[in-house]
Amino acid sequence: MTRDFATAAATLSEALPYMQRYSGAVVVVKFGGNAMGDDAEMAKFASDMVLMKQVGIHPVVVHGGGPMINDMLGKLGIESRFVRGKRVTTKETVEVVEMVLAGLVNKRIVQAINDAGGRAIGISGKDDDLIVCEADDPELGFVGRPVEMNVQIIRDLYLAGLIPVIAPVATGMADNETFNVNGDTAAGAVAGALQADRLLLLTDVSGVKDASGQVMTQMTPEQVREMIADGTIAGGMIPKTETALKALQDGVRAVVILDGRVPNACLLELFTEHGAGSLIRSSAPRVKPRGLRQGDSGL
């Protein structure tokens, strides 16, 4: 028992340089995957967000909810049509998407954070015209691509001590127009508009893997482009890494693709030397300053 307490105290002490480094930083977290449907995993995620806020970080949560949308469409008897493997979002479908994402899913996350002792508030991309979209592909219907971001509402919320939880439902350029936005895309757009210090993309895989199957802990945009071109990065990892590249281009300091199934994944990434997943940043790795992960000098 005494050793366990000593280990916990030592862990907190070792985390101090990282807490100092990230104090006041904006960290956008894309939350999705299997953890969203598990109450215990949801509670762990919520606790991590509250801890981040407690030590001076400004977490901003953007979530998905594909499985919940599928369940509701099935219950309502609405059939889905796909083009090149992507769901066509009709006017009827987008109404269900908004109901599920901005209602059920968003408020579950908000409630979990509040239950963990935090102060969360749920909004969607429609609120204060946070995310304004146009059709990404006319064949896909109401699937949006962000063209305008108005993030002052997010700053107002986190500076007031709240944790914003954002549903990826957006307004269009025309009146009464609603778009469904991919969760990763929405998170990248929010992070870029906020000039966030970090964008954490939680996934169901351990990170970006090289040709031998090993997770790459640090990457540059040039490496990512080369790996996409030669087929090493393929399938569902392509849109995630493309989101990372766009976010970096828009001014995000670094993006991390990490396994959200790992307990306390966000804390491991931010508060330990080892980190978690694959960190992508524009600058080349530097000599590690004392107390910080190599290549993460904070400069």
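In what follows, the structure referred to is the one given above.
Conventions we followed
- Residues numbered from 1 in each chain as written.
- Predicted model: local features only at pLDDT ≥ 70, side-chain atom pairs only at ≥ 80, totals over all residues.
- Heavy atoms only, no water.
- Pairing = 2+ DSSP bridges.
- Helix = DSSP H or I, 4+ residues; strand = E, 2+ residues; numbered from the N terminus.
- Axes fitted to C-alpha atoms, helices over the stretch in contact; angles between N-to-C directions.
- Contact = heavy atoms within 4.5 Å.
- Buried < 20%, exposed > 50% of the residue type's maximum accessible area, 1.4 Å probe, protein only.
- Arc of directions from axis to C-beta.
- Salt bridge = Lys/Arg side-chain N within 4 Å of Asp/Glu carboxyl O.

## Side note on the sheet that holds strand β10 (residues 178-180)
The sheet built from four strands is open, its strands ordered β7-β6-β9-β10 with mixed pairing. Single-partner strands in this sheet number two, and they are β7 (144-149) and β10. Here the average twist between neighbouring strands, direction ignored, is 50°. Strand direction decides the pairing type here: strand β9 (residues 169-172) and β10, joined by three bridges, are antiparallel. The residue bridging A170 from the neighbouring strand is F179, located in β10. Sitting on the sheet, helix α6 (residues 183-194) touches β6 (131-135) and β7, and the angle it makes with β7 is about 15°.

## Here we look at helix α5 (residues 152-159)
Spacing of three or four residues puts side chains on the same side of an α-helix, whose turn is 3.6 residues. Turning to α5, its buried residues number three or more, namely I153, I154, L157 and Y158. Projection of α5 onto a plane perpendicular to its axis shows the buried side chains occupying an angular sector of 125°, all on one side. Where α5 is buried, its residues touch β1 (26-31), α2 (39-54), β2 (58-63), β5 (120-124), β8 (163-167) and α6. G161, located one to two residues past α5, shows a positive phi value of around 90°.

## Focus: the pattern of salt bridges
According to the stated counting rule, one finds twelve salt bridges in the structure shown. Here D197 and R21 are joined by a salt bridge, their closest N and O atoms 3.3 Å apart. A residue pair is termed long-range when its members are at least 10 positions apart, and D197 in the loop between α6 and β11 (198-203) and R21 in helix α1 (residues 2-22) qualify at 176 residues. Here D197 and R21 have matching classes, each one buried. Each of R21, D197, R198 and R253 takes part in one network of salt bridges that share partners.

## With respect to the sheet that holds β2
Spatially, β5-β8-β2-β1-β11-β13-β14-β12 is the arrangement adopted by the eight strands of the open sheet, whose pairing is mixed. Strand pairing shows two members of the sheet lacking a second neighbour, β5 and β12 (218-219), which therefore form its edges. Judged from the six bridges that link them, β1 and β2 form a sheet pairing that is parallel. Counted as the bridge partner of F31 is H63 from β2.

Geometry only, nothing functional implied.
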